[in-house]
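# A look at the structure
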Amino acid sequence: MLKILAIIPARAGSKRLPKKNIRLLADKPLLVWSIDVVKGVDCIVDILVSTDSPEMAKIASDAGALVPWLRPEILATDTASSVDVCLHALDWYETHKGHVDGVLLLQPTSPFRREASIKQILQFYSKNKPCSVLSVSPVQSHPAWCFRVQNNTLEPWISADRLHVRSQDLESAYSVNGCMYLISPELLRQHHAFYLENGKTIPFVMDSLFETIDIDTGEDWILAEMIAAYWDALQKKVAI
């Protein structure tokens, strides 16, 4: 059986939504949604929360996560990358707890991912490792119909010819939704990135708008509250 380390980064310094990682969403701190969903996944050997906040550390620990330290200040700034945070946590874990076969990054701002989706992405990984698997969603606006503003005029991002192609004739386009990143430790250390070239990145397509919501703004939070209020019913009655 695979041994996967789940890492949840939870920095304290959110500017748009202060303390959003511990803000209550349906009577449960946002951070805890991501902890709870992986508790029932057999191959997750630990859920390590990397935070610089003693308050968040206690909430995560009380919820059953491993919080062995507070994140160093150098990794608690706006410029610290998710890769650096994961490598710091991975190096500590493998030094003190033993080798793992993969690292699963779960951002706490995606609270509605389902256990079934986590198990599916782990199956993708198991069949293709060593690799990286990124969760992606179909784009809302196809890049062939996107523009930039140049000298106060609209210019197509790709080509004016593509603007006249019917939507059903355009190839599918996807964007990384930030819900799940899964990669082998050796590839993360070698490339210092989750996206790898040369066919080493496998897409895990997620069609659900509910499951892939990424909370970044106050408007996102309002939408998340609406979804959370009906989350149990949505999972039972809607194909998400």
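Up top is the structure.
Residues numbered from 1 in each chain as written. Predicted model: local features only at pLDDT ≥ 70, side-chain atom pairs only at ≥ 80, totals over all residues. Heavy atoms only, no water.

## Here we look at the nonpolar core
Judged by nonpolar contacts, the single largest core of 34 residues is most densely connected at I4, I35 and M180. If you list the elements that add at least two residues to this core, you get β1 (4-10), α1 (30-38), β4 (44-51), α2 (54-62), α4 (115-128), β9 (174-183) and β10 (201-205). Looking at this core, the element that brings in the most residues is α1, giving five residues. Setting aside residues no more than four positions away along its own chain, I35 makes contact with I8, I47, V49, A60, A63 and A65. In terms of nonpolar packing, the next biggest core, distinct from the first, is built from 22 residues, L48, V83, L134 and L187 among them. (Core = buried A, V, L, I, M, F, W, Y, C linked by side-chain atoms within 4.5 Å. Buried < 20%, exposed > 50% of the residue type's maximum accessible area, 1.4 Å probe, protein only. Helix = DSSP H or I, 4+ residues; strand = E, 2+ residues; numbered from the N terminus. Contact = heavy atoms within 4.5 Å.)

## Description of the pairing of strand β7 (residues 147-150)
In this structure, β7 lies alongside strand β8 (residues 153-156), joined through four bridges in antiparallel fashion. Across the sheet, F147 pairs through a bridge with P156, a residue of β8. As consecutive antiparallel partners, β7 and β8 are separated by two residues, and within that stretch N151 has a phi angle of approximately 50°, a positive value. (Pairing = 2+ DSSP bridges.)

## A closer look at a nonpolar patch on the surface
A surface patch of nonpolar side chains, about 310 Å² in accessible area, is lined by F147, V149 and L154. Along the chain, V149 turns up in strand β7. Classification of V149 by relative accessible area gives exposed; the value is 59%. (Patch = residues over 30% accessible without salt bridge, like charges linked within 9 Å, V, L, I, M, F, W, Y side chains within 5 Å. Areas by Shrake-Rupley, 256 points an atom, 1.4 Å probe, with all protein chains shown as cover. Salt bridge = Lys/Arg side-chain N within 4 Å of Asp/Glu carboxyl O.)

## Quick notes on the pairing of β4
In terms of burial, β4 is a largely internal element, six of the eight residues being buried. Relative to β4, β1 is paired through seven bridges, and the arrangement is parallel. The residue of β4 that forms the bridge with L5 is D46.

## Describing α4
The end-to-end C-alpha distance of α4, which contains 14 residues, comes to 20 Å, matching closely the 20 Å that a straight helix rising 1.5 Å per residue would cover. Within the sequence span of α4, burial applies to S117, I118, I121, L122 and Y125. Buried residues of α4 fall within an arc of 140° about the axis and therefore sit on the same side. Packed against the buried residues of α4 are β1, α1, β5 (102-105), β6 (132-138), β9 and β10. (Expected span 1.5 Å × (residues − 1). Arc of directions from axis to C-beta.)

## Focus on unusual backbone geometry
Note that the residue after K129, namely P130, is joined by a cis bond; omega there is 0°. Among the structural elements, P130 can be located in the loop between α4 and β6. Non-glycine residue D27 carries a positive phi angle of around 70°. Mapped onto the elements, D27 comes out in the loop between β2 (24-25) and β3 (28-29). Residue N198 is not a glycine yet carries a positive backbone phi of 65°. Here N198 shows up in the loop between α5 (185-191) and β10.

## Section: the side chain of S135
As for its placement among the helices and strands, S135 is situated in strand β6. Looking at S135, its side chain comes within polar contact range of the main-chain nitrogen of M180, at 2.9 Å. Setting aside chain neighbours within four positions, we find S135 in contact with S175, V176, N177, G178, C179, M180, F204 and M206. (Polar contact = N/O pair within 3.5 Å; in protein donor to acceptor, adjacent residues only side chain to side chain.)

## Considering helix α3 (residues 82-96)
For α3, which comprises 15 residues, the first-to-last C-alpha distance of 21 Å matches the rise-based estimate of 21 Å (1.5 Å per residue) to within 8%. Along α3, the residues classified as buried are V83, V85, C86, L87, A89, L90, W92, Y93 and E94. Those residues of α3 that are buried lie in contact with β1, β4, β5 and α5. Directly after α3, the chain includes G98, whose backbone phi takes a positive value near 115°.

## Quick word on the packing of aromatic side chains
Scanning the entire structure with this criterion turns up six aromatic pairs. With centroids separated by 5.3 Å and ring planes inclined at 90°, the aromatic side chains of F124 and F204 adopt a geometry described as edge-to-face. Within this pair, whereas F124 is found in helix α4, its partner F204 is found in strand β10, the two being separated by 80 residues in sequence. For F204, a relative accessible area of 4% corresponds to the buried category. Aromatic pair Y181 and F194: ring centres 5.2 Å apart, planes at 50°, arrangement tilted. One end of the pair, Y181, is in strand β9; the other, F194, is in the loop between α5 and β10, with 13 residues separating them in the sequence. A single burial state applies to Y181 and to F194, both of which are buried. Grouping aromatic residues by their ring pairs yields a cluster made of W33, F112 and W231. In this arrangement the basic side chain of R23 is found over the ring face of W221, its NZ or CZ atom lying 4.8 Å from the centre. (Phe/Tyr/Trp six-rings, centres within 6.5 Å; stacked < 30°, edge-to-face > 60°. Lys NZ or Arg CZ within 6 Å of the ring centre and 35° of its normal.)

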